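Residue-level structure breakdown
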Amino acid sequence: MAANKTSRFLKGLLLAIVSLLLCGVIYVAVTLLESPEVMPEASYRVQETDESLSPLQAGSSQDAAALRAHFGAPLPYFPGAVPAGEIRNVSHDGKNAYQVTLRYQGATITAVRPASAAPLLLQADYAVSLRSDITAVNLPGVLATKDGQYCLYFSSDLAAYCLNAPARDAAVFLQLAEEMQLLR
């Protein structure tokens, strides 16, 4: 009789273990097959666009406001300084894009529109520093450096930007970046 009770107990225990294992397998299967929720894009990430801009009249000007008007997006600049500026057509991923370059004494600001053309701004062999405290004209930025030359990359929904300048250290360069304003 004791053997019968032990046998029923073991069968019940085995049935409980099999049931728990079956529940675990079903849970794992449902979890793996569940479609992930669409996660929102991070605010610092460049948004892809299907926008292909029509070609524009390339040109040069010392008036940042005139270049901004042709560019069609806000443009960073140094107030009180006169740039040697140019705007031209460029191509990225087979689509038209605009590039504006503002050359100041000791610094260059380059902008591309649309923002998805940001790879056109990248400088080769620069070491990137990911710091959360870096901003330019209230936009998050990424600092890159190579042999005393600094680049600050930042972007908005409409355009991507790069400030490039030599400096003796990052603090001096970031102080220069704080002097920029956005021409809307």
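1. Structural notes on the confidence of the model for the protein chain
Of the residues in the protein chain, 89% have a pLDDT of 70 or more, and the chain-wide mean is 85. Per-element confidence in the protein chain is highest for strand E5 (residues 107–113), whose mean pLDDT is 96, and lowest for helix H1 (residues 2–33), whose mean pLDDT is 80. The model gives residues 39–46 a pLDDT under 50, and that stretch makes eight contacts with residues more than four places away or in other chains.

2. Concerning helix H3 (residues 170–178)
Taken together, the buried positions of H3 are Ala170, Phe173, Leu174 and Ala177. Looking straight down H3, one finds its buried side chains confined to an arc of 95°; they lie on one side. Those residues of H3 that are exposed and angled more than 90 degrees off the buried face are Ala171 and Glu178. Here the buried face of H3 lies against strand E8 (139–146), strand E9 (149–155) and strand E10 (160–166). Sitting at the head of H3, Asp169 places a side-chain oxygen 3.2 Å from the backbone nitrogen of Ala171.

3. Topic: the side chain of Gln99
With respect to the helices and strands, Gln99 occurs in strand E4 (residues 95–104). Classification of Gln99 as buried rests on a relative accessible area of 12%. Excluding its chain neighbours within four sequence positions, the residues that come into contact with Gln99 are Glu86, Ile87, Arg88, Val90, Thr110, Ala111 and Val112.

4. Examining the packing of aromatic side chains
Counted according to the given criterion, the structure contains three aromatic pairs. Pairing Tyr150 with Phe173 gives two aromatic rings, centres 5.4 Å apart and planes at 20°, and the pair type is stacked. Remark: Phe173 occurs in helix H3 and Tyr150 occurs in strand E9; sequence separation between them is 23 residues. Taken as a pair, Tyr150 and Phe173 share a single burial class, namely buried.

5. Some remarks on the nonpolar core
Across soluble globular proteins, you tend to see nonpolar side chains buried next to one another. With 36 residues, the main nonpolar core has Phe71, Leu102, Leu152, Phe154, Leu163, Phe173 and Met180 as its most contacted residues. Contributions of two or more residues to this core are made by helix H2 (64–71), strand E2 (75–77), E4, E5, E8, E9, E10 and H3. If we ignore the near neighbours within four places in the chain, the residues touching Phe154 are Pro76, Ala136, Val137, Leu139, Pro140, Gly141, Ala160, Tyr161, Leu163 and Met180. Formed by 12 residues, the second largest nonpolar core is a distinct cluster that contains Val90, Ala144, Cys151 and Tyr153.

Rules and cut-offs
- Residues numbered from 1 in each chain as written.
- Predicted model: local features only at pLDDT ≥ 70, side-chain atom pairs only at ≥ 80, totals over all residues.
- Heavy atoms only, no water.
- pLDDT = per-residue confidence, 0-100.
- Helix = DSSP H or I, 4+ residues; strand = E, 2+ residues; numbered from the N terminus.
- Contact = heavy atoms within 4.5 Å.
- Buried < 20%, exposed > 50% of the residue type's maximum accessible area, 1.4 Å probe, protein only.
- Arc of directions from axis to C-beta.
- Polar contact = N/O pair within 3.5 Å; in protein donor to acceptor, adjacent residues only side chain to side chain.
- Phe/Tyr/Trp six-rings, centres within 6.5 Å; stacked < 30°, edge-to-face > 60°.
- Core = buried A, V, L, I, M, F, W, Y, C linked by side-chain atoms within 4.5 Å.

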